[in-house]
Every structure is written in structure tokens, then in C-alpha cells.
Amino acid sequence: SGDVTYGGLPFHGATANGVPLSYIEQDPRFFSNLTVRETLNLDAALQGGDEADVEEVIARLGLGQCADTFVGGDTGGKAVRGISGGERRRL
């Protein structure tokens, strides 16, 4: 619980001065056994997007070289080697 502020002022909405805002966890949770492309496909399917949207995001975020690499981590109880920390932050 708490208050959401932007620039020290109470914030109630999805934009501030026309700039879209969102909350992202410090350590977002990804499925370690999915690739970057599969992770984005899952997100697109849940948000009503399609394959073209996924490819655009991959290109825009510079994730083309790791698109078919496991995200990695330990969500399944066993650590899986995956993408770098910088790639994970962009994902």
C-alpha cells in the first residue's frame, strides 16, 4: 500500500504530461525455459498482439541476436543459463 507520486505530486492515471508511465518490478519474473521470442509471443497473445508486433519489438529493443535464446533463471527450480542482464532489462 502507499501513494503513487510523479514529480512529488499525486498521480492518478496512465500518463503524466502526455508521457505513458508503467510500473516494472526491480527483478521481473520470466519463464526461464522460454526463449526471448516465445516470451514476447506469450505477452502479445495475452495483450491482443500478433507475430508482426513481436518482430517489431525484437528489432526495436535490439534483441535480434538473442531472440531464440532461453531467457534463463531459476523459475522451474533449476537454474537455466540464458540471456545477459542487459538483454533481460530490455526484455
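All residue numbers refer to positions counted from 1 along the written sequence of the respective chain. With the structure being a predicted model, the display of local features is reserved for residues of pLDDT at least 70 and the display and counting of side-chain atom pairs for 80 or more, all residues being used for whole-chain, interface and lining totals. Side-chain figures throughout are based on the complete set of non-hydrogen atoms in the structure, without hydrogens or water.

A. Highlighting the nonpolar core. In this structure, F30, V36, L40, A44, V54, I58, L63, C66, A67, V71, I83 and L91 together form the largest nonpolar core, which totals twelve residues. The helix and strand labels rest on DSSP assignments: H or I over at least four residues marks a helix, E over at least two residues marks a strand, and numbering proceeds from the N terminus. At the level of elements, α1 (36–47) and α2 (51–60) are the ones that each hand at least two residues to this core. Residue contributions to this core peak at three residues, all from α1. To qualify as a nonpolar core, a set must consist of buried Ala, Val, Leu, Ile, Met, Phe, Trp, Tyr and Cys residues joined through side-chain atoms within 4.5 Å. Exposure categories follow from relative accessible area, calculated using a 1.4 Å probe and restricted to protein chains: below 20% of the type maximum is buried, above 50% is exposed, and the middle band is partly exposed.

B. Layout of the side chain of T35. By the secondary structure assignment, T35 is in the loop between β4 (19–20) and α1. Contact criterion: two residues are considered in contact whenever any of their non-hydrogen atoms come within 4.5 Å of each other. If near-sequence neighbours (up to four positions away) are discounted, T35 is found in contact with A67, D68, T69, F70 and V71.

C. Region of the structure containing α2. In protein, a polar contact requires one atom able to donate a hydrogen and another able to accept it; more generally it is a pair of N or O atoms within 3.5 Å, and residues adjacent in sequence count only if both atoms are side-chain atoms. The backbone nitrogen of A52 has a side-chain oxygen 3.1 Å away, supplied by the residue at the start of α2, namely D50. Remark: G62 follows α2 within two positions and exhibits a positive phi of approximately 70 degrees.

D. The environment of L40, seen in detail. When you line up the elements, L40 lands in helix α1. With sequence-adjacent residues up to four places away left out, L40 is seen in contact with V54, V57, I58 and L91.

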